[in-house]
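# Working through the structure, step by step
What follows is each chain in one-letter form.
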Amino acid sequence: MRMEENVMSAQQEREFGEFQRLRRETEITLTLKKIVVDASGREIDRRDLKRVCGCAKKIGASEVLVSPVTVAAAKRELGTGKVKLGCIVGGTGETLLSVKKTEAKRAAKSGAEVIRLVPCYSRLFAGNKDYVKREVKKLRKAVKKCAVILSLEDRSLTEEQIAIGVKAAIEGKADGICVRGESPLVLKAIEASGERVRAEVSHVENSEQLRLLLKAGAQRFVSAYPQQIAEELYSGLQIG
């Protein structure tokens with residue numbers, strides 16, 4: 001009798017299957033909201049920019065990331081919706097701080113809500129935390145209404161140098177840091193930050209990599225392949 005009570009009816013099985021499907025759909029939606037669509041390549045043309053912004057809106061991405069020269073055009077494509085507009089400033093990092101500030105101010109004036117700062121990597125390689133901290137503070141002051149993310153994505157950075165950069169970001173009042181999409185780097189960044197700044201990762205190429213980085217603690221995922229990731233996530237969703 002007890003065994004019979006534990007057996008689900010066909011109706012209950014259908015309802016449970018529908019519940020699981022809806023839960024998976026919600027999980028996918030929340031995951032896609034953590035994607036930053038990377039359109040920061042300087043070679044991007046107007047047609048590609050339109051396509052990228054359309055994709056970001058369609059999947060419900062967090063942000064579209066562009067270079068300083070395409071901020072105004074991207075803002076027109078995104079309009080006033082929920083997808084934020086981010087701009088990466090600083091070139092290779094060796095740009096003068098005054099130029100970085102000018103780029104950031106111009107981007108903010110054109111509609112950017114997130115500024116991603118490429119620091120002076122030569123100073124960071126030398127362990128000069130105070131210089132990077134100064135860059136962050138100056139930029140933070142220049143674009144008070146924007147979120148500021150410190151880019152720590154150079155391939156040559158060691159885990160120790162990333163930790164120095166994270167500390168500079170915290171002391172400079174940045175909102176987050178971004179490292180390359182490798183789990184050891186994410187773990188090091190989170191360890192160094194004590195979760196005091198948001199941990200983001202770049203160069204995310206597929207859904208499997210995203211899942212691994214999510215488990216490692218990353219909170220945002222910069223990717224040039226948002227449509228592919230969305231399709232991969234939904235492909236595992238079985239309609240019950």
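Preceding block: the structure.
Owing to the predicted nature of the structure, the values given are computational and were not obtained by experimental measurement.

## Structural notes on the overall build of the chain
Each helix and strand in the chain was counted, giving 11 helices and 8 strands. Considering only C-alpha atoms, the chain reaches an extent of 75 × 40 × 30 Å along its principal axes. A total of 240 residues make up the chain; the buried ones form 45% of that total. A sequence separation of at least 24 residues applies to 63% of the contacts in the chain between residues at least 6 apart. Accessible surface computed for the chain: about 13,200 Å², of which carbon and sulfur atoms make up 49%. On the chain, the mean spot of the 44 positive side-chain charges and the mean spot of the 32 negative ones are 10 Å from each other.

## Details of the packing of helix α7 (residues 129-142) against helix α8 (residues 159-171)
At a minimum axis separation of 8 Å, α7 and α8 run at an interaxial angle of 40°. With respect to α8, the axis of α7 lies oblique. Between α7 and α8 the crossing geometry is right-handed. Taken together, the residues of α8 that come into contact with α7 (itself represented by K129, V132, K133, V136 and K137) are I164, K167, A168, A169 and E171. Across the contact of α7 with α8, the residue classes break down as 5 nonpolar, no polar and 5 charged.

## Thoughts on the pairing of strand β8 (residues 220-223)
If a strand is regular, its side chains alternate between the two faces of the sheet. With 3 bridges joining them, strand β1 (residues 35-39) and β8 adopt parallel strand pairing. The residue of β8 that forms the bridge with V37 is S223. Of the pairings in the sheet, the one linking strand β7 (residues 198-202) to β8 comprises 2 bridges and is parallel in character. Within β8, the residue paired with V201 across the bridge is F221. In this view, the connection linking β7 to its parallel neighbour β8 by way of helix α10 (residues 207-216) has right-handed handedness.

## Comments concerning the side chain of R116
Along the chain, R116 falls in strand β4 (residues 114-117). Among the polar contacts listed, one links the side chain of R116 to the side chain of E63, at a separation of 3.2 Å. With near-sequence residues (within four places) excluded, R116 lies in contact with V36, E63, L65, C87, I88, V89, I149, C178, E200 and V222.

## Section: the layout of surface pockets
Of the volumes computed, that of the largest pocket is approximately 490 Å³. In terms of lining residues, the largest pocket is bounded by 28 residues, among which D38, S40, I88, E153 and H203 are the most central. Breaking the lining of the largest pocket down by element, the ones donating at least two residues are β3 (84-89) and β8. Residues that form the lining of the largest pocket fall into these classes: 10 nonpolar, 10 polar and 8 charged. Reported here for the second largest pocket is a volume of approximately 290 Å³. In terms of lining residues, the second largest pocket is bounded by 15 residues, among which K33, S62, K82, K84 and R220 are the most central. Taken together, the residues that form the lining of the second largest pocket break down as 5 nonpolar, 2 polar and 8 charged.

The rules behind the values
Residues numbered from 1 in each chain as written. Predicted model: local features only at pLDDT ≥ 70, side-chain atom pairs only at ≥ 80, totals over all residues. Heavy atoms only, no water. Helix = DSSP H or I, 4+ residues; strand = E, 2+ residues; numbered from the N terminus. Buried < 20%, exposed > 50% of the residue type's maximum accessible area, 1.4 Å probe, protein only. Contact = heavy atoms within 4.5 Å. Areas by Shrake-Rupley, 256 points an atom, 1.4 Å probe, with all protein chains shown as cover. Lys, Arg positive; Asp, Glu negative; His and termini not counted. Charge placed at Lys NZ, Arg CZ, Asp CG, Glu CD. Axes fitted to C-alpha atoms, helices over the stretch in contact; angles between N-to-C directions. Parallel < 35°, antiparallel > 145°, perpendicular 65-115°, else oblique. Left-handed = near helix turned anticlockwise from the far one by under 90°. Nonpolar A, V, L, I, M, F, W, Y, C, P; charged D, E, K, R; others polar. Pairing = 2+ DSSP bridges. Right-handed = clockwise from strand over helix to strand, strands pointing away. Polar contact = N/O pair within 3.5 Å; in protein donor to acceptor, adjacent residues only side chain to side chain. 1 Å grid on protein atoms, 1.4 Å probe; cavity = no way out; pocket = protein on both sides within 12 Å on 5 of 7 lines; lining within 4 Å. Points joined across faces, edges and corners; volume = space filled by probe spheres on them.

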